[in-house]
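Here are the chains, one letter per residue:
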Amino acid sequence: MKALLLHPQFEVVFHFEEGRTLTAAEALIPGPGPEEIAVSFRGVDVFRTPARVLLERLREMGLTVHGETLYANVPQLSLGFTRVAGREVPLDSDGEPLYFQAVLTGSAGYYDFMAAESKGGYERASPPCT
């Protein structure tokens, strides 16, 4: 089950396991408007820092980052990012959106399934944010 929080410039999606337990919250990139809305991690603006620069800064903090193109995640923080955009946005030199379009924070171990899958020869960067 999902619950959607709407603000004229901002959306947050809450994901519930079996309709009872909050397992993740996903913030979508703020839109233009009269309010200055920022989402930051350790002083770095998640939506105004180019995606590839943000991932490099996370690595410089000593964090492990999986993925880089459309989806990325930081397993030890249960933090995931997507560059998938449902509208026209500025593009980076790799042809993908310049900025992350959504960030998801999950419960402890949210990305643990990936470690098991990568041992079997299959690895994906992140489940799609919806």
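Look above for the structure.
Analysis parameters
- Residues numbered from 1 in each chain as written.
- Predicted model: local features only at pLDDT ≥ 70, side-chain atom pairs only at ≥ 80, totals over all residues.
- Heavy atoms only, no water.
- Helix = DSSP H or I, 4+ residues; strand = E, 2+ residues; numbered from the N terminus.
- Pairing = 2+ DSSP bridges.
- Phe/Tyr/Trp six-rings, centres within 6.5 Å; stacked < 30°, edge-to-face > 60°.
- Buried < 20%, exposed > 50% of the residue type's maximum accessible area, 1.4 Å probe, protein only.

Chemist: Explain unusual backbone geometry to me, and be specific about the residues and the numbers.
Modeler: Its identity is not glycine, yet Arg 42 carries a phi of approximately 50°, on the positive side. Following the sequence through the fold, Arg 42 ends up in the loop between strand E4 (40-41) and strand E5 (44-45). We note that Ser 78 has phi near 50°; this positive angle belongs to a residue other than glycine.

Chemist: Requested: an account of the pairing of strand E1 (residues 2-7), with residues and values cited.
Modeler: A regular strand carries its side chains on alternate faces of the sheet. Where E1 meets strand E2 (residues 10-17), six bridges bridge the pair, whose relative direction is antiparallel. When the sheet's bridge partners are listed, Leu 4 is paired in E2 with Val 13. Counted along the chain from E1 to the antiparallel partner E2, the turn is two residues long.

Chemist: Could you give an account of the packing of aromatic side chains, with specific residues and numbers?
Modeler: In the structure shown here, the tally under the stated rule is two aromatic pairs. For the ring pair Phe 81 and Phe 100, a centre distance of 4.8 Å and an interplane angle of 35° mean the geometry is tilted. Of the two residues, Phe 81 sits in strand E7 (residues 79-82) while Phe 100 sits in the loop between E7 and strand E8 (102-106), which places them 19 residues apart along the sequence. The exposure class assigned to Phe 81 is buried, which follows from its relative accessible area of 2%. Their ring planes at 80° and their centres at 5.1 Å tell us that Tyr 110 and Tyr 111 sit as a pair that is edge-to-face. Accessibility expressed as a relative area gives 23% for Tyr 110, which makes it partly exposed.

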